[in-house]
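Below are the chains, spelled out letter by letter.
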Amino acid sequence: MSVKSTYIVKLKYEPKVPIDARNISPNTFTGKSLNDILKLSVLEGGISVELKDLFDVDGPSNAPEDVNSIEILIEGFGSGKLRYIGYRMSGGRIVVKGDVGHFAGYRMSGGSILIEGKAGSYVGAKMKGGSIEVMKGCGDCVGGKLPGEKPGKGMSSGEIIIHGDAGSQVGVGMKGGRIIIEGSAGMLCGLNMMGGTILIQRNCDLYPGARMTAGRVIVGGVVEGILPSFYFDSIVPSVRVGKISMNKPFAMFIADAIVGGRGSVYISLEENKSLIDQYKDLVEERIEVE
Amino acid sequence: MVQILIKNGLVYDPLNSINGEVMDLGVKNGKIVDPSEVNLNEAVVVDASGKVVLPGGIDIHSHIAGPKVNVGRLIRPEDHYLTNIPHKPPFKRAETGLTVPNVFRIGYDYARMGYTFVAEPATPPLKTRHTHEELNAIPMIDKMAFVLVDSNWIVLDLIQESRRDMLTAYLGWLLYATKTYSLKIVDAGSDAAWMIKGEGLSLDDQVPGYNLTPKDIIKAIAESAQQLNLPHKVHVHCNRLGYPGNYSITIETMNLTKDLKIVSEGPALHITHVQFTGYKGDSWGSLESGGEDIANVLNVNPYVTLDMGQVIPGRPATTMTADAPFEFVLYHLTRWKWSTTDTEVETASGIVPYKYKKKSYVNTVQWAIGLEVVLLSKDLWRVFLTTDHPNGGPFIDYPVVMSWLMSKRAREDFMAKLNRKALKKCVITSIDREFTLYDIAIITRASPAKLLGLEKFKGHLGVGADADIAIYDIDPRTLDLSKDYEKVSKAFRRAYMTIKGGEIIVKDGEIVKQVYGRTLYVKPEIPKDMIVEIEKYLDSAFKKYYSISLRNFFIDERELRNPMEIPLKTSLR
Ligand SMILES: [Zn+2]
């Protein structure tokens, strides 16, 4: 393993407006001298300023050519206003010692991002690889596509782990990769999904897997409601996602008939007895529960 | 107001038969004056030597305002977030959107291309208040709107009852009430049929609930337009648009002029975006171009005009039309997203995003049709350049279309990227014609002004005309327009200078001043007793049909930012 070059990027003051910090990424730092890094542009509320106007940067005077050996630590009060952290990064590591704004890891293709606080919406939107870990909750559209785009334009590979709750539309339009939410998720998770896996370990609001055509959505807790356009498939004794295995029975549905989909939605049986009874009445289908 | 002296420009002004003469132009008080009248002590002197000077461009068909445009913006966020240009103080507003731009970009981009006048070709009467709100917000250009009348129940009732004078009076009243300029027919009667039976109509099908065919509707409305003496008579989107084999319906519609009682001068029918209704063959697989056939009919019928509706392969488009049955079909071909609306009593509409592909067989035939019709037409005063923005492509691609018209080489280079099988069936490959700058000035300036009946003060550079002038940095004396077509389209995309109403608004392709143009509408003269009669009739018709009252329908002049009323002498007695 090569030696890591660590840069500490610290906010000088608490920003009052959103900051487009897409240039804070190992890819823009590589091969640049510290002076050049300080001159990188940042948008403060739409006005272009230099990195040094907003941040103190501490690190080696010359950044290595290899992206993978760069680590960036972002700290300071008000980091929740920083958007587009790690935009299009292909390697290296970013650690945010606090919250972060929208679009963290947008279009990233490699490397890793660790956020020690909360994240905004669109964490890992359209990402193609690498990993993102958020220690607290996050906003909407984790790993999603942008509004208006076709299904399948969301995340295509890589992994996102949220150790708290997530907002609505987790993995909207995703095509591949894995999203793990350790807490609960909002409405319409897996909307327009075309592949990949979403695991919600706790509860989930209305209609997971709406309009999905492929992939898996697994909910370990209570589901507020599922769509009538799902087919019931079978009861499975346990579900495994990577190294995580959930050893309890799940009801498996094929989703979503309204778009001719063949995706699968797994819903924990114990937590959702009444919902599955309701569904049984709705489709007049016999669901055997031992 | 500034005075301007444009020196030594190479002037093309077809309405005054000026074909590339070096001359000076004077501008004073927003009008064109004799250069000797300009006071050189206060005037801005523009050196236009080696540059081409044209009247400001006029676009007769571009969907720039109204409810469907706004819905197009709403359902296409992806059209906007990657195309932003931030605002620039002190006056320049933010621009967004490619196929459905925001109001500011519409005005700015037209001005950058040297266009100063645009007509919005379809507004449902009930929603025209919204259309005017949007037109009011579009800077830089003069504008007007055409009102949709073909599936309007009141119109259908009056035609059915053969109350022709009442129909004429109603249409005249409607034009004034909605502050619009001309009548628009979209797929005559189809929206009425669509709401009742879920079907479109061919020319001789019966409109459900009425003893009428689309032919009857087109004829009745066209004759009322004659009686009203409208400057621009009727704007017709033909039936069965977008269906293979529809070119015969288009030709039949064009031939309807033979049965019309023609009382006032000028063309009687304008067939719009003819490309979409010029398909030969009986299925998508066997589609062929009907461009040549349509051009042949056009050449022998002096009462018909038409515009291209050119498609731009390789560019995204957003189709939006009052032809709801067609959009229903298109949505099921694309299966992505759409929006459809029923405007009570009057019309319907649909909006579907679409992308014309270079390698597609069908899209290649479509590309050929628009160009064939124009290149094969003998009378350039009756053809017009449009892309039916944003249906065939965005209006910012007009310069590319101009280069296709002006250069065989441009066409050949582009054809190399298109579908070969389709091109084998199109005559475009064998057409050698290349338009001159004079020809381009006709189809984008002079003939649109004439078609809209504005040739007295728009579309030319004679003394007394509005000072709407475009200067382009090309010199046909030193540049081979056919060979260097890319330079030509670049020059037309970013005008060297655009002058609107006597003010310099664009310099070197950049906006330097924001102005607001006028909105033109007609006021046909209707005898008093007929007004009383029609208002009495409408009062009960509104109670029967509409969810709003007659009083709230009428749009007041004060609701327009800069209204310009065109009074009309009619033959109603
Ligand atoms: Zn149109």
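Being a predicted model, the structure only gives us computed values, none of them experimental. (Residues numbered from 1 in each chain as written. Chains lettered and ligands numbered in written order. Predicted model: local features only at pLDDT ≥ 70, side-chain atom pairs only at ≥ 80, totals over all residues. Heavy atoms only, no water.)

1. A word on the sheet that holds strand β15 (residues 316-321) of chain B
Residues and elements named next belong to chain B.
Line of reasoning, step 1. As summarised here, the arrangement of the three strands in space is β15-β17-β16, forming an open sheet in which the pairing is antiparallel. Looking at the sheet topology across the chains shown, the edges are occupied by β15 and β16 (339-343). In this sheet, adjacent strand axes meet at a mean angle of 10° when their direction is disregarded.
Line of reasoning, step 2. Pairing between β16 and strand β17 (residues 347-355): five bridges, direction antiparallel. Considered in β17, the bridge of Thr340 is made with Gly350. (Pairing = 2+ DSSP bridges. Helix = DSSP H or I, 4+ residues; strand = E, 2+ residues; numbered from the N terminus. Axes fitted to C-alpha atoms, helices over the stretch in contact; angles between N-to-C directions.)

2. Digging into the pattern of salt bridges
All names here are of chain B.
Line of reasoning, step 1. Under the definition given, this model contains 42 salt bridges over all chains.
Line of reasoning, step 2. As a salt-bridge pair, Lys337 and Glu78 come within 3.1 Å of each other at their nearest N and O atoms. Taken together, the residues span a long stretch of sequence, with Lys337 in the loop between α10 (324-334) and β16 and Glu78 in the loop between α1 (67-75) and α2 (103-112) at a distance of 259 residues.
Line of reasoning, step 3. We note a salt bridge from Lys500 to Asp142, for which the minimum N-O separation is 3.1 Å. Of this pair, Lys500 sits in strand β20 (residues 497-500) while Asp142 sits in strand β8 (residues 142-148); the two residues are 358 residues apart in sequence, bridging distant segments of the chain.
Line of reasoning, step 4. When its relative accessible area of 8% is taken as the criterion, Lys500 is described as buried. (Salt bridge = Lys/Arg side-chain N within 4 Å of Asp/Glu carboxyl O. Buried < 20%, exposed > 50% of the residue type's maximum accessible area, 1.4 Å probe, protein only.)

3. Quick word on a positive patch on the surface
Line of reasoning, step 1. A contiguous patch of positive charge on the surface is contributed by Lys150, Lys153 and Lys175 of chain A together with Lys355 and Lys357 of chain B.
Line of reasoning, step 2. Note that Lys355 of chain B resides in strand β17.
Line of reasoning, step 3. On the accessibility criterion, Lys355 of chain B (44% relative accessible area) is partly exposed. (Patch = residues over 30% accessible without salt bridge, like charges linked within 9 Å, V, L, I, M, F, W, Y side chains within 5 Å. Areas by Shrake-Rupley, 256 points an atom, 1.4 Å probe, with all protein chains shown as cover. Lys, Arg positive; Asp, Glu negative; His and termini not counted. Charge placed at Lys NZ, Arg CZ, Asp CG, Glu CD.)

4. Structural notes on the domain arrangement of chain B
All names here are of chain B.
Line of reasoning, step 1. As far as domains go, chain B holds domain 1 (3-55 + 459-511) and domain 2 (148-436).
Line of reasoning, step 2. Taking only C-alpha atoms, the centre of domain 1 and the centre of domain 2 are 33 Å apart.
Line of reasoning, step 3. At the junction of the two partners, domain 1 supplies 10 residues and domain 2 supplies 13 residues.
Line of reasoning, step 4. It is Ser482, Tyr485 and Arg493 in domain 1 that bury the most area against domain 2; as a group they hold 47% of the surface buried on that side.
Line of reasoning, step 5. The interface formed by domain 1 and domain 2 contains zero salt bridges.
Line of reasoning, step 6. Along the contact surface separating domain 1 from domain 2 lie three residue pairs in polar contact (both at pLDDT 80 or more). (Domains from an automatic or database assignment. Contact = heavy atoms within 4.5 Å. Buried area = accessible area lost by both parts, 1.4 Å probe. Polar contact = N/O pair within 3.5 Å; in protein donor to acceptor, adjacent residues only side chain to side chain.)

5. Concerning the interface of chain A and chain B
Line of reasoning, step 1. Every contact between the two is made by five residues of chain A and, on the other side, five residues of chain B.
Line of reasoning, step 2. Three residues stand out in chain A for area buried against chain B, namely Pro147, Gly148 and Lys150 of chain A, and they jointly supply 63% of the buried area on that side.
Line of reasoning, step 3. Summed over the shared surface of chain A and chain B, the number is zero salt bridges.
Line of reasoning, step 4. In this structure, the connection of chain A to chain B is made through two residue pairs in polar contact (both at pLDDT 80 or more).

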